[in-house]
Amino acid sequence: MILLEDFLTICIHGRGGGRGRGVSKEGGCGGGGMKGGSKVIEKMLELMSKLGFAAYRFSVSWSRIFPDGLGTKVNEEGVAYYNNLINALLDKGLQPYLTLYHWDLPNHLQESVRGWLSDKIVKCFAIYAETCFASFGDRVKHWITLNEPLQTSVNGHDIGIFSPGRSENSSTEPYLTAHYQLLAHAAPVSIYKKKFQAQQGGEIGIVVDCEWAEPFSDKMEDKIAASRSLDFHFGWYLDPIYFGDYPKTMREKLGDRLPKFSDEDRELLRNSVDFLGINHYTTRLIAHATTSPGYGHHYHDQQMEQIVARIVGYPSTFAA
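Residues numbered from 1 in each chain as written. Predicted model: local features only at pLDDT ≥ 70, side-chain atom pairs only at ≥ 80, totals over all residues. Heavy atoms only, no water.

As annotated in an unreviewed UniProt entry, the protein chain carries the name Beta-glucosidase and comes from Papaver somniferum. Its UniProt record gives the protein chain the following Sequence similarities (unreviewed entry) comment, quoted word for word: "Belongs to the glycosyl hydrolase 1 family." (UniProt positions renumbered as here; feature names shortened; annotations may be inferred.)

Next comes the structure, spelled out in structure tokens:
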């Protein structure tokens, strides 16, 4: 059994200065254990059913399935927790939309292999994902590999306000972590399509976030800056999936700081989505700037200035 004092060392979500969902007294990240929170969950599902909800999206905590992150030993209590949740959803007529990764990296992976800065994490994530497909895929038909990977790269490894709170090597680490996140997305997609999809009949995709960009003026340099901003947000993650490489603007701006894909990587990544989810929070007016004020390297590299302050709101997820 995993106790609270054990779990404090297991998950980095919210550690190292990062924003997170924190650690709960029931022994998990991002919500309580089923035992301690079952009555709350039952009431929530009952209310959702009465309101006519058709689906419920939730995130599995990697550390609940494999506490060390390496895939050496399955935590059966963690599997049971999610089986109970999935069954409760279906009993209320709610289709589960399962996210495999929402920023809660097993702490052992961060300490032993440097987390998303190592290519070793791709195999570890694939093992974890395959275990979830085998355990839950008979009932879960909608899978999301990563939620908002840009946040892990920029806020986690550039600005340093999200876990793991790094900013020491912000000129390179955001791009390296994004690279391995993309490969970690593609690996389980390949496994799902080869081993599970035909039998289970589900679909798998990724959810990205984007602040839409509009030019501040009719000046050509502002129009180009707005387009460049979209490349550094949308294109950063979607161009490799749909076209096999990062946007040309990023290659030109970043040079050797942007990792390269092998032919095998490109083949694995290309069209590795059945659907695309988009979390859209706000739109910004963008002007060209020689140097971008504030923020970290990712924003400086774009050579743009955000003219209008961000309007904080709640995301809406669209599928395409």
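Asks: Explain the overall build of the protein chain to me, please; I cannot follow it from the model alone.
Replies: Helix and strand counts for the protein chain stand at 13 helices and seven strands. If you take every contact in the protein chain between residues at least 6 apart in sequence, the share linking residues at least 24 apart comes to 71%. Entry remark: accessible area of the protein chain is about 14,500 Å², with carbon and sulfur atoms responsible for 54%. (Helix = DSSP H or I, 4+ residues; strand = E, 2+ residues; numbered from the N terminus. Contact = heavy atoms within 4.5 Å. Areas by Shrake-Rupley, 256 points an atom, 1.4 Å probe, with all protein chains shown as cover.)

Asks: What am I meant to see in the packing of helix H8 (residues 173–195) against helix H10 (residues 220–243) here?
Replies: Angle between the axes and distance between the axes: these two values describe a pair of packed helices. Packing of H8 against H10 brings their axes to within 10 Å, and their N-to-C directions diverge by 40°. Comparing the axis directions of H8 and H10 gives the class oblique. Helix-helix and strand crossings are classified by hand; for H8 and H10 the assignment is right-handed. Residues Pro174, Tyr175, Ala178, Gln181, Leu182 and His185 of H8 lie in contact with H10, whose contacting residues are Phe232, Trp236, Tyr237, Pro240 and Ile241. For the contact of H8 with H10, a count of residues per class yields nine nonpolar, two polar and no charged. (Axes fitted to C-alpha atoms, helices over the stretch in contact; angles between N-to-C directions. Parallel < 35°, antiparallel > 145°, perpendicular 65-115°, else oblique. Left-handed = near helix turned anticlockwise from the far one by under 90°. Nonpolar A, V, L, I, M, F, W, Y, C, P; charged D, E, K, R; others polar.)

Asks: Explain the nonpolar core here, please?
Replies: In a soluble, globular protein the nonpolar side chains are often hidden away together inside. Formed by 75 residues in total, the largest nonpolar core has its most connected members in Trp62, Phe136 and Trp143. Here the element with the most residues in this core is H8; it accounts for eleven residues. With sequence-adjacent residues up to four places away left out, Trp143 is seen in contact with Leu98, Leu100, Cys132, Phe133, Phe136, Gly137, Tyr192, Glu203, Ile204, Gly205 and Phe275. (Core = buried A, V, L, I, M, F, W, Y, C linked by side-chain atoms within 4.5 Å. Buried < 20%, exposed > 50% of the residue type's maximum accessible area, 1.4 Å probe, protein only.)

Asks: What is the right way to look at the packing of helix H7 (residues 149–157) against H10 in this model?
Replies: Relative orientation of the contacting elements H7 and H10 amounts to 125°, with a least axis distance of 10 Å. Comparing the axis directions of H7 and H10 gives the class oblique. Considering the relative orientation of H7 and H10, their crossing is right-handed. In contact with Pro149, Leu150, Ser153 and Val154 of H7, H10 contributes Phe232, His233, Trp236 and Tyr237. Of the residues belonging to the contact of H7 with H10, the class tally is six nonpolar, two polar and no charged.

Asks: Which parts of the structure should I look at to understand the confidence of the model for the protein chain?
Replies: Low pLDDT means the predicted coordinates in that region are not meant to be read closely. For the protein chain, the mean per-residue pLDDT works out to 87, and 83% of the residues sit at or above 70. Considering only residues more than four positions removed or in separate chains, one finds that residues 1–9, a stretch of pLDDT under 50, has 19 contacts. Segment residues 309–320 is flagged for pLDDT under 50; beyond a separation of four residues in sequence, or across chains, it makes 25 contacts in the model. (pLDDT = per-residue confidence, 0-100.)

Asks: I would appreciate a short explanation of the packing of aromatic side chains in the present structure.
Replies: The geometry of an aromatic ring pair is captured by the separation of the ring centres together with the interplanar angle, meaning the angle of the planes. Under the defined criterion, the tally for this structure stands at 21 aromatic pairs. An angle of 85° between the planes, with centres 6.2 Å apart, marks the rings of Trp62 and Tyr101 as edge-to-face. Placement of the pair is Trp62 in helix H3 (residues 62–65) and Tyr101 in strand E2 (residues 95–101), with a sequence separation of 39 residues. Across this residue pair, the class does not change: Trp62 and Tyr101 are buried. A network of ring pairs unites the aromatic residues Tyr56, Phe58, Tyr81, Tyr82 and Phe136 as a single cluster. Lying across the ring of Tyr81, Arg64 places its NZ or CZ 4.1 Å from the centre. (Phe/Tyr/Trp six-rings, centres within 6.5 Å; stacked < 30°, edge-to-face > 60°. Lys NZ or Arg CZ within 6 Å of the ring centre and 35° of its normal.)

Asks: What am I meant to see in H7 here?
Replies: The α-helix winds at 3.6 residues per turn, so residues separated by three or four positions along the chain end up facing the same way. With nine of nine residues buried, H7 lies mostly within the body of the structure. Burial in H7 covers these residues: Pro149, Leu150, Gln151, Thr152, Ser153, Val154, Asn155, Gly156 and His157. Close packing links the buried residues of H7 with E2, strand E3 (142–147), H8, strand E4 (203–215), H10 and helix H13 (297–300).

Asks: How should the pairing of strand E5 (residues 275–288) be read in this particular structure?
Replies: Along a regular strand, successive side chains alternate from one face of the sheet to the other. Of the strand pairs in this sheet, E4 and E5 are connected by ten bridges, and their pairing is parallel. Opposite Val207, over in E5, you have Gly277 as the bridge partner. Across three bridges, the pairing between E5 and strand E6 (residues 304–306) is antiparallel. Considered in E6, the bridge of His288 is made with Met304. (Pairing = 2+ DSSP bridges.)

Asks: Looking at this model, I keep getting lost on the environment of Leu89. Mind explaining?
Replies: Among the secondary structure elements, Leu89 is positioned in helix H4 (residues 76–91). By relative accessible area, which is 0% here, Leu89 ends up buried. For Leu89 and Leu45, which are 44 residues apart along the polypeptide, the C-alpha to C-alpha distance reads 6.9 Å. In contact with Leu89, not counting residues within four places along its chain, are Leu45, Tyr56, Phe58, Leu94 and Pro96.

Asks: Any chance you could explain helix H6 (residues 120–136) here in plain terms?
Replies: With 17 residues, H6 should cover 24 Å at 1.5 Å per step; its first-to-last C-alpha distance of 25 Å lies within 8% of that length. Restricting attention to buried positions, one finds in H6 the residues Ile121, Val122, Cys124, Phe125, Ala126, Tyr128, Ala129, Thr131, Cys132, Phe133 and Phe136. (Expected span 1.5 Å × (residues − 1).)

Asks: Just checking my understanding: could you explain the pattern of salt bridges for this structure?
Replies: Pairs can form between side chains of opposite charge whenever their charged atoms are close. Inspection of every chain in the model, using the stated rule, returns eleven salt bridges. In this structure, Glu173 and Arg114 form a salt bridge, with 3.9 Å as the shortest nitrogen-oxygen distance. Here Glu173, found in helix H8, pairs with Arg114, found in the loop between helix H5 (107–113) and H6; they are 59 residues apart in sequence, far enough to count as distant. According to the relative accessible area criterion, Arg114 is partly exposed, its value standing at 45%. For Asp256, the salt bridge goes to Lys260, with nearest N and O atoms at 4.0 Å. (Salt bridge = Lys/Arg side-chain N within 4 Å of Asp/Glu carboxyl O.)

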